[in-house]
Amino acid sequence: MSDHPDDDLERRLRARFAQTCKTLDPAIRRELRRRRDTALESARTRRPALWLPLAPAGAMAAAFVIALAIWPAPPRSGRLASVPAISAEAAQETADDTAQSLDDDPDFYLWLATEPVAEDDSTSRSAAAQEGDR
């Protein structure tokens, strides 16, 4: 018995192939050889796939799409995460405290009275028009 069962099978198949080749008609043998040569020639002259140079770009695009798909979404609230939210009551109390401190400080109003008034374009135009009417 042989070491490998496939060795015996291969030996028998080679013997059968050799026997069949000896009994083939010469015209059929020529036709088979011609077709074999044609197939081998077309395999040698086959052009490479046109998409092959674009494969790295496709891989990068796929990686980009995957990265966008798993990227964490920003928070949906309009507030910034670092700014704490305060209640309406707390905001009102802060405004009341500020107003109370301004009422208690008459120096603020003296200072405000001495500061020049900032004029915007509409105020300066109306003042010029009033002086022109005189």
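Given the structure is predicted, the values throughout are model-derived calculations rather than measurements.

What follows is about the overall build of the protein chain. When helices and strands are tallied, the protein chain shows six helices and zero strands. Looking at the protein chain as a whole, 0% of its 134 residues are labelled buried.

Further remarks concern a negative patch on the surface. There is a patch of like negative charges on the surface, built from E89, E93, D96 and D97. Tracing the backbone through its elements, the reader meets E93 in helix 4 (residues 88-103).

Let us now look at the pattern of salt bridges. Applying the stated criterion across every chain yields a total of five salt bridges. Between R11 and D8 there is a salt bridge, with its nearest N and O atoms 2.5 Å apart. Linking R11 with D8, this pair stays in helix 1 (residues 5-23), spanning three residues, or about one helical turn. Between E31 and R35 there is a salt bridge, and its shortest N-O distance comes to 2.9 Å. Of this pair, E31 and R35 both sit in helix 2 (residues 26-44), four residues apart, roughly one helical turn. A residue is classified by how much of its surface remains accessible, and E31, at 30% relative accessible area, is partly exposed. Given a relative accessible area of 54%, R35 falls into the exposed group.

Take the confidence of the model for the protein chain next. Per-residue confidence for the protein chain gives a mean pLDDT of 78, with 78% of residues at or over 70. Within the protein chain, the lowest mean pLDDT, 56, falls on helix 6 (residues 121-133), and the highest, 91, falls on helix 3 (residues 55-70).

Glancing now at a nonpolar patch on the surface. A cluster of nonpolar residues, F64, V65 and L68, forms a patch on the protein surface that exposes about 330 Å² of accessible area. Tracing the sequence through the fold places L68 in helix 3. For L68, a relative accessible area of 53% puts it in the exposed group.

Our next topic: helix 3. The end-to-end C-alpha distance of helix 3, which contains 16 residues, comes to 23 Å, matching closely the 22 Å that a straight helix rising 1.5 Å per residue would cover. Of all 16 residues in helix 3, zero are buried, a share of ten percent or less.

Parameters at a glance
- Per chain, residue numbering runs from 1 following the sequence as it is written.
- Restriction of local features to residues with pLDDT of at least 70 applies here, the model being predicted, together with a cutoff of 80 or more for giving and counting side-chain atom pairs; totals for whole chains, interfaces and linings are based on all residues.
- Note: side-chain values were computed over all heavy atoms of the structure, leaving out hydrogens and water.
- Numbering of helices and strands runs from the N terminus; a helix is a DSSP stretch of H or I covering at least four residues, while a strand is a stretch of E covering at least two.
- In this scheme, a residue with accessible area under 20% of its type's maximum is buried, one over 50% is exposed, and one in between is partly exposed, where area comes from a 1.4 Å probe on protein chains only.
- In this analysis, a patch consists of residues with relative accessible area above 30% that form no salt bridge, clustered at 9 Å for like charges and at 5 Å for the nonpolar side chains Val, Leu, Ile, Met, Phe, Trp and Tyr.
- Areas reported as accessible are Shrake-Rupley estimates using a 1.4 Å probe. Residue values count occlusion only from the protein chains shown.
- We define a salt bridge as a side-chain nitrogen of Lys or Arg found within 4 Å of a carboxyl oxygen belonging to Asp or Glu.
- Only four residue types enter the tally: Lys and Arg on the positive side, Asp and Glu on the negative side, with His and both chain ends excluded.
- Where a charge sits is defined by one atom per residue type, namely NZ (Lys), CZ (Arg), CG (Asp) or CD (Glu).
- The predictor attaches a confidence to each residue, called pLDDT, with possible values from 0 through 100.
- Expected helix span is computed as 1.5 Å times (number of residues minus one).

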